[in-house]
Structures are given as structure tokens and as C-alpha cells.
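# An overview of the molecular structure
If you want the building blocks of each chain, they are given just below.
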Amino acid sequence: MDALVALTTRVSQGRLQAPAPDGEALERMFQAALRAPDHGALKPWRFLVVEGEGLMRLGEAMADAAVADNPALGQDKLDKARQNPLRAPMVIVAAARVVEHPKVPAVEQLLSAGAAVQNLMLAAHAQGYAAMWRTGDLAYSRRFMDALGLAPDERIVGFIYAGTPTGPAREPLPPVLAEHVRHWPQ
Ligand SMILES: Cc1cc2nc3c(=O)[nH]c(=O)nc-3n(C[C@H](O)[C@H](O)[C@H](O)COP(=O)(O)O)c2cc1C
């Protein structure tokens with residue numbers, strides 16, 4: 001797919017089925033992700049690829065962390081947490097390693113991780129797959145990050161649900177550029 005077509009037609013798709021990207025397609029997604037701009041060459045990108053049986057384990061870890069963070073959580077919310085990863089054949093946990101740096105503030109390291117996620121999603125789309133970037137409370141739960149084995153200086157920036165679309169993609173509304181872009185000085 002032409003790069004500009006990929007950039008302007010990507011839409012999030014929450015309904016995803018097998019097959020998940022694999023082999024060379026998955027490798028290209030990570031090659032694209034790791035081309036994100038990166039101030040100071042800190043390479044702050046970390047990804048955990050979860051599929052198959054791992055999705056059940058991820059759901060268990062989510063439910064465990066959710067109830068430990070909030071013991072009053074209702075059974076319905078717990079069940080939802082447990083089921084959430086099963087909405088796609090693959091979940092990629094995207095994380096940023098954020099370190100103290102004299103010239104590169106934490107926000108820039110997080111922005112670089114965000115750019116990597118966008119590259120990853122675009123590369124999925126360009127190869128006929130679809131994805132959706134999700135977060136939620138657990139993305140910010142240190143307990144959950146620890147359960148995943150993330151280091152203390154690593155933090156989740158998103159859960160990227162990836163797979164094959166179940167239907168035609170939504171047509172994105174054409175953006176109103178004037179609401180977001182102006183030339184300066186006028
Ligand atoms: C950092 C980040 C976190 C997000 N978290 C969620 C989420 O938890 N749940 C959700 O429905 N959408 C979430 N979104 C929005 C969707 O990924 C998506 O962008 C939105 O539904 C608009 O669809 P589009 O990408 O096709 O324009 C998040 C987006 C970003 C950038």
C-alpha cells in the first residue's frame with residue numbers, strides 16, 4: 001500500500017479476528033515501530049507480544065491487578081477485565097522505558113513511544129491487518145506492570161489489539177484542516 005494511502009485511511013477497528021499478523025508481516029510492523037523519532041537515541045520502546053494461551057493469562061493478570069488495586073471492584077468489572085484481551089487474536093503491550101536524561105525529558109521519551117505505536121499500527125494497516133490502541137486504568141497500574149515483568153523504569157503506553165478486520169473499515173470523516181492548522185505569521 002502506498003504510504004500516503006496508509007496514513008490517510010487507517011482507522012481503528014475494535015472487532016478483530018484471526019489471523020493475527022505473524023512472520024514477516026509482524027517483523028515489518030516492529031521494524032516500522034523502531035524507526036520512530038528518538039531524541040538522544042534512547043530507544044525507549046518495549047513491546048510484549050501476547051497471543052494464544054497468553055491472552056487468557058493476560059486477562060487473569062488484568063483481573064488480579066484490577067481487584068488488588070480496587071478491592072471493591074464488582075464481579076462484572078472483574079469479568080470484563082478477564083475477557084478484554086480476548087477481543088483480538090493478538091494484544092501488543094506497548095511500553096516506554098523512561099530514564100532521567102539531561103537533555104531528553106520524560107515527555108519526549110513517551111512521545112517517541114507513541115510515535116512507535118503509530119508506526120506499528122500503520123504498518124499493520126498497510127499489510128491488510130487492523131488494530132486498535134486502548135489503555136484504561138490498568139495501563140497506569142504499577143502492580144499490573146510489575147505482573148507483566150516490566151522494569152520499574154518501564155511504563156505502559158497502550159494495549160494494541162491487532163488482527164484481521166471482521167468487516168469493512170469505517171470511512172473516516174474528512175478532517176477540517178483549518179480547525180487544526182494555520183500558517184504563522186499570517
Ligand atoms: C493513548 C490512547 C489511548 C486510547 N485508549 C482508548 C481506550 O482505552 N478505549 C477506546 O475505546 N479508545 C481508546 N483510544 C482511542 C482509539 O484508539 C481510537 O483512536 C479512537 O476510537 C478513534 O478511532 P480512529 O483511530 O479510527 O480515528 C485511545 C487512543 C490513544 C491515542
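Residues numbered from 1 in each chain as written. Predicted model: local features only at pLDDT ≥ 70, side-chain atom pairs only at ≥ 80, totals over all residues.

As a matter of local geometry, the ligand sits amid Val11, Ser12, Met132, Trp133, Arg134, Thr135, Gly136 and Gly158. The leading source of residues in the shell around the ligand is strand S4 (residues 130-134), at 3 residues. Among the residues forming the shell around the ligand, the class breakdown is 3 nonpolar, 4 polar and 1 charged. (Near = placed C-beta within 6 Å. Helix = DSSP H or I, 4+ residues; strand = E, 2+ residues; numbered from the N terminus. Nonpolar A, V, L, I, M, F, W, Y, C, P; charged D, E, K, R; others polar.)

Our focus in this paragraph is the nonpolar core. Within the largest apolar cluster, 44 residues are counted, with the highest numbers of intra-cluster contacts made by Met62, Val91, Leu120, Ala124, Ile160 and Ala162. Elements that contribute at least two residues to this core include exactly helix H2 (23-33), strand S2 (45-51), helix H3 (53-69), strand S3 (90-97), helix H5 (106-126), S4, helix H6 (142-147) and strand S5 (154-165). At 9 residues, H5 tops the list of elements feeding residues into this core. Apart from the residues lying within four places of it in its own chain, the contact partners of Ala124 are Pro21, Met29, Tyr129, Ala130, Ala131 and Ala162. (Core = buried A, V, L, I, M, F, W, Y, C linked by C-beta atoms within 7 Å. Buried ≥ 20, exposed ≤ 12 C-beta atoms within 10 Å, placed from the backbone. Contact = placed C-beta atoms within 7 Å.)

Here we come to the environment of Pro152. Among the structural elements, Pro152 can be located in the loop between H6 and S5. The class of Pro152 is exposed, set by 8 C-beta atoms lying within 10 Å. Separated by 98 residues in sequence, Pro152 and Gly54 place their C-alpha atoms 22 Å apart.

Bringing H3 into the picture now. Here H3 spans 25 Å end to end across 17 residues, near enough to the 24 Å set by a 1.5 Å rise per residue. Taken together, the buried positions of H3 are Leu58, Gly59, Ala61, Met62, Ala63, Ala65 and Ala66. (Expected span 1.5 Å × (residues − 1).)

To characterise two packed helices, one gives the angle between the axes of the helices and the distance between these axes. Packing of H2 against H5 brings their axes to within 7 Å, and their N-to-C directions diverge by 145°. In this structure, H2 crosses over H5, and the sense of that crossing is right-handed. Every residue of H5 that contacts H2 at Arg28, Met29, Phe30, Ala32 and Ala33 is listed here: Ala116, Asn119, Leu120, Leu122, Ala123 and Ala124. Considering only residue class, the contact of H2 with H5 consists of 9 nonpolar, 1 polar and 1 charged. (Axes fitted to C-alpha atoms, helices over the stretch in contact; angles between N-to-C directions. Left-handed = near helix turned anticlockwise from the far one by under 90°.)

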